[in-house]
Structure formats: structure tokens, C-alpha cells
Amino acid sequence: MLRIIGAVFGSVLAILLVVAPASLATSPSPAPSPSATSSPFSISGFLRNAGAPLPDVKISVSGEGFEGSTTSNANGSWTLGVPKSGTYEVELDESTLPEGVALAEGQENPRQLAFGQTSNQTTIFTFGAGIVVQEGNFAQDLTNRLVAGLSFGLLLALAAVGLSLIFGTTGLTNFAHGEMVTLGAVLVFAFNAMGLPFWLTLILALLGGGLVGYVQDAGLWKPLRGRGTGLVPMMIVSIGLALAARYVILFYFGGATEQLPGAQSAEIQLGPISVSPNNLWSLIISAVVILVVGLVLMKTRLGKATRAVADNPALAAASGIDVDAVIRIVWVVGGVLASLGGILWAYYRPGVSFNMGSQILLLIFAGVTLGGLGTVFGALIGSIVVGIFTELTTVFGAPADLKYVIPLGVMILVLLIRPQGILGRRERVG
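Described in the following lines is the structure provided in the data block. Keep in mind it's a predicted model, so treat the numbers as computed, not measured.

Basis of the calculations
As a convention, each chain's residues are numbered from 1 in the sequence order in which they are written. Totals for whole chains, interfaces and linings use all residues, but because this is a predicted model, local features are given only for residues with pLDDT of at least 70 and pairs of side-chain atoms are given and counted only at 80 or more. Only heavy atoms go into the side-chain values, all of them from the structure, while hydrogens and water stay out. Numbering goes from the N terminus for both helices and strands, where a helix is a DSSP run of H or I of at least four residues and a strand is a run of E of at least two. When a residue's accessible area, from a 1.4 Å probe over protein chains only, is under 20% of the maximum for its type it is buried; when over 50% it is exposed; and in between it is partly exposed. Throughout, a contact is declared for two residues whenever any of their heavy atoms are within 4.5 Å. Per-residue and other accessible areas were derived by the Shrake-Rupley procedure at a 1.4 Å probe size, with only the shown protein chains allowed to occlude residues. Strands qualify as paired when DSSP identifies two bridges or more between them. Interaxial angle, 0 to 180 degrees, is taken between N-to-C directions of lines fitted to C-alpha atoms, where a helix line uses only the stretch in contact. Side-chain atoms within 4.5 Å are what join buried Ala, Val, Leu, Ile, Met, Phe, Trp, Tyr and Cys residues into a set we call a nonpolar core. When an angle is under 35 degrees it counts as roughly parallel; over 145 it counts as roughly antiparallel; between 65 and 115 it counts as roughly perpendicular; any other value is oblique. Each crossing is labelled by how the near helix is turned from the far one, with a counterclockwise turn of less than a right angle marking it left-handed and a clockwise turn marking it right-handed. In this count, Pro and Cys sit with the nonpolar residues alongside Ala, Val, Leu, Ile, Met, Phe, Trp and Tyr, while Asp, Glu, Lys and Arg are called charged and the others, Gly among them, polar.

Things to note about the overall build of the protein
No. 1: The helix and strand tally for the protein stands at 12 helices and 11 strands.
No. 2: When burial is assessed residue by residue, the protein has 46% of its 430 residues classed as buried.
No. 3: Summarising the internal contacts of the protein: among those between residues at least 6 apart in sequence, 72% fall at separations of at least 24.
No. 4: Carbon and sulfur atoms provide 65% of the accessible area of the protein, an area that totals close to 20,100 Å².

Okay, structure coming up:
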């Protein structure tokens, strides 16, 4: 077994050593400035007029003691790295626009742009004669944010369901789960940079997530369980594992925010709802996968065995259930779900960065805690609540910097009223 585990670890390390540097060498990012490759924070956008890209247009960024400029590439895309999170002024040099092209009426230039919890901010300039930028009404904004919140909540639920299954079967609060989310997006970017078909990169990324889940349990958590290690020391080990994994990814992937294929797409109109195709696909894929996981847990022998281990591992073992095998499967499934959530999160942001999983880790924990620790459907409901409140904050005038804070406040209020969570069971403490 030790030889097998060593071989698996060696294979994963070899993949990182070969794939990650290759991905950096063939990065498809659009003509970044020198600072864009050395800073984890960047401002980007794309310039198009009536569907045609606008190349060689100058964009200047200033603020937080920084001044820099770049030009759009042949696809109209541009990216400029900035030294830190903060508020910046972005200005388009209208004298560099092609003849006959002008900013649409009502466009703010220069404009203020503030970073929230993400390391990449996108701003779009609109062009065209006779186009007037109008502010949408409150009902339409509310509807659009509800749809975006549902999409965000469901992709959070993908990661939260895996985390909840792991907690339910082992009692472990795994702080390295955020890095499993990051891994899915990073693997897709790396395999895509190698020139593989996109559908194959998705399959390999999901398999990679499942492999990492298997290796974690076989090489680390099962030996710790066998030695009778307490849950608190194991939680501390998971924090150390999260930090180590995060900075290994940083070392090989780099600190810049990269884009997956098709990350930038125009929104489509579905009646009164304006939604990007990426968010729509994210919503559909998340809902289908969570439904399948729920049916497996409720209707199959594996699902019943998983629920039995979560309820009482000792009784499940006495009933003939292989507890270690069930836990191993849970880790593999949790890794696959986390990787899928990371891929969808990379399209939702949009962008891939070394710390993208840690940025939403607290929201994942909030969804699990709010719904009820160890309950799959509780994690689903809790994540949807967190996602919707996250997106609705800006509709009601809350600052963008508080976008991820208010849902955590809602979680605290709910737990004050119902400590076990929405679907959790009441238990005696002490």
C-alpha cells in the first residue's frame, strides 16, 4: 500500500512539474503589460464596436500610487496588472480609437473602479453612434441579481456538498477544500495550454480532483484516523495542508489571473432576464449534478451506506459496511465536486487565480453551517441562501466591498435562532 501511495504521489508531482511550467509558457492571456505577470491583481476588459474588435486602443490606469497603461490586442482584449487591491481610475484614450468610432453617449470616461474580494476587475466600454446607456429599473435589476445569485449559490453548493459529506462521515472540518476548488480550474487552464481539446481538459480536471481526494485520504487522513488523532489536531493539519497547496499552486501557476476559453461572452436576453451563457450553463450543470448526487444518496446502496456511516460509524461497521471504503469514495466524490465547482467559479468570476478557492471558502463553510452540518440537502439550501444574499446586496445599495460580508451576517442571525442550521438535527451539547 505504501508503494502504491508513493507512486500516486509521484505521478501527481510529475504532472505538476510538467504541466504547470508548460501552461505558463503558452499562456493565452491578451498582451499583458510587464506588471500583469508579476502582480496577483489586474484590471481587464475587451473593446468591440458592432461585434468587431478594436485593436491598438490605449487604456490608462492610475491610483493607489500606481500609474500604467496598455493597448488592446488584435482581439480587442486588454489586461493591466496593478500592485494591490484598491480604487483605480481607468481612462480610455479616445484619440487612439479608429476613425469613425466613438464612445456611446452616457459612457463614463474616465471611470472609478474598486476591487472587492476578487483579484481581477473587468470594465467594459460601449461604442456606437446613437447608443444611449440607460439605467435599468429596480425590478429588472432585482430579477437579474436573483438569477445570478441562484447560479452562484448552486456552484457554491457543488463544493459545499462535498465538504458536508466529508464532515458527515469523518467529522473533519477540511480547510484544504478551497484548494481542491482551485485545482479544478488550474488543471483546465494547464491542460488547455497544452493544446488538448476542451472537453478532454474538463474530464482530466475532474479526474484529477478525484485523484487528489483519493490520495489525501489514503496518504494522510486514514493514517491519522488509525492513530486516533483528534478532530482539532486534524483540522489544524488541514489548515497547514491548505497553505502548502496554495503556495505550491502559486509557485507553478503564478500570481496573475488567467482566463479559460470562452470566459468573456456577451449576455443574452431571456424575456426580462439578462444573463451570460456561462452563468446559465453553470446554473443548469450545478442543478443536474446536485440532483444526481441527491438521488444516489437516497436511492442506491452506496448512498444508504454513506448515510449509515454518517449517522453512526461503529454501528455501520457492525452491520457489515466497510467504513473505510465508504469514506474513501466520499473523498473521491468530494474532490470531483470541488473541481467542478472551481471550473464553474472560474467562469463566474471570470478568471483563474492561485487563491480563488480560498476567496470563497468562508462562503462554502457558511452554506454548510447555515444548512446544517453533515446534511447534503442542508448544504444545498444554505449555499443557495448565501449565493442569493451575496448578489442582492448591491441591488439594495450596499458597497461592493461588503458583498461577501453580509451573507455571513445572515448566517450568524439564523444560527442565533436555530443553532443546528436549517435542516440540522438538534443535539445535546455537554
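From this point, the discussion proceeds with the structure in view.
Description of the sheet that holds strand β5 (residues 66-71)
No. 1: Strand order in the open sheet formed by four strands is β5-β4-β7-β8, with antiparallel pairing between adjacent strands. On the outer flanks of this sheet lie β5 and β8 (111-114), each paired with one strand and no other. In this sheet, neighbouring strand axes are inclined to one another by 25° on average, regardless of whether the strands run parallel or antiparallel.

As for the nonpolar core
No. 1: Grouped together as the largest cluster of nonpolar side chains are 70 residues, with contacts concentrated most on Phe152, Trp345, Val352, Ile360 and Ile364.
No. 2: Looking at this core element by element, the count peaks at 14 residues for helix α9 (residues 323-348).
No. 3: With sequence-adjacent residues up to four places away left out, Val352 is seen in contact with Ala185, Val186, Phe253, Ala256, Thr257, Glu258, Leu260 and Ala346.
No. 4: Judged by nonpolar contacts, the second largest core, of 20 residues, contains Ile43, Val61, Leu103 and Phe125.

Digging into the packing of helix α3 (residues 177-193) against helix α10 (residues 356-371)
No. 1: Where α3 meets α10, the closest approach of the two axes is 8 Å, and the angle between their N-to-C directions is 135°. If you check the angle between α3 and α10, you find them oblique. Considering only the axes of α3 and α10, their crossing is right-handed. Contacts between α3 and α10 involve His177, Gly178, Glu179, Val181, Thr182 and Ala185 on the former and, on the latter, Met356, Gly357, Ser358, Ile360, Leu361 and Ile364.
No. 2: When the residues that make up the contact of α3 with α10 are grouped by side-chain class, the tally is six nonpolar, five polar and one charged.

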